[in-house]
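# An overview of the molecular structure
Here's the letter readout for the chains.
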Amino acid sequence: METYDPHKNTTEVRQANSRKMNSRVLAMSLIGIVIAFVVIYIIYSMAMPAPSN
């Protein structure tokens, strides 16, 4: 495998992001999904009519 960075070997070239940003993206995505569900729940609960007892 041809490397374009003289400081990396072929194994390092095949690896993913060297800064290990995968966990940061996963955490931010999880937080975004939780916030989206909270907003949807709030909108849904505000739109429901009050129970008539």
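The numbers attached to residues start from 1 for each chain and follow its sequence in the written order. Confidence filtering applies because this is a predicted model: local features only for residues at pLDDT of at least 70, side-chain atom pairs given and counted only at 80 or more, and all residues used for totals across whole chains, interfaces and linings. Here the side-chain values reflect all heavy atoms present in the structure, with hydrogen atoms and water set aside.

## Considering the overall build of the protein
To be explicit about the condition: We count a stretch as a helix when DSSP gives it H or I for four or more residues in a row; a strand needs E for two or more, and each element gets its number in order from the N terminus. To sort residues, take the accessible area from a 1.4 Å probe on protein chains only and compare it with the maximum for the residue type: under 20% means buried, over 50% means exposed, and anything in between is partly exposed. Calculation of accessible area relied on Shrake-Rupley with a 1.4 Å probe; when residues are assessed, cover is drawn exclusively from the protein chains displayed.
Within the protein, the regular secondary structure consists of two helices and zero strands. Counting over 53 residues, the protein shows a buried share of 0%. Per element, the accessible surface of the protein, about 5,300 Å² overall, is 65% carbon and sulfur.

## Comments concerning a nonpolar patch on the surface
Applicable threshold: Two distance rules govern patches: like charges are joined within 9 Å, and nonpolar side chains (Val, Leu, Ile, Met, Phe, Trp, Tyr) within 5 Å, applied only to residues with over 30% relative accessible area and no salt bridge. A pairing counts as a salt bridge when a side-chain nitrogen of Lys or Arg comes within 4 Å of a carboxyl oxygen of Asp or Glu.
A cluster of nonpolar residues, L30, V34, V38, Y41, I42 and M46, forms a patch on the protein surface that exposes about 650 Å² of accessible area. Of note, I42 is situated in helix α2 (residues 22-47). Exposure remark for I42: the relative accessible area of 41% places this residue in the partly exposed category.

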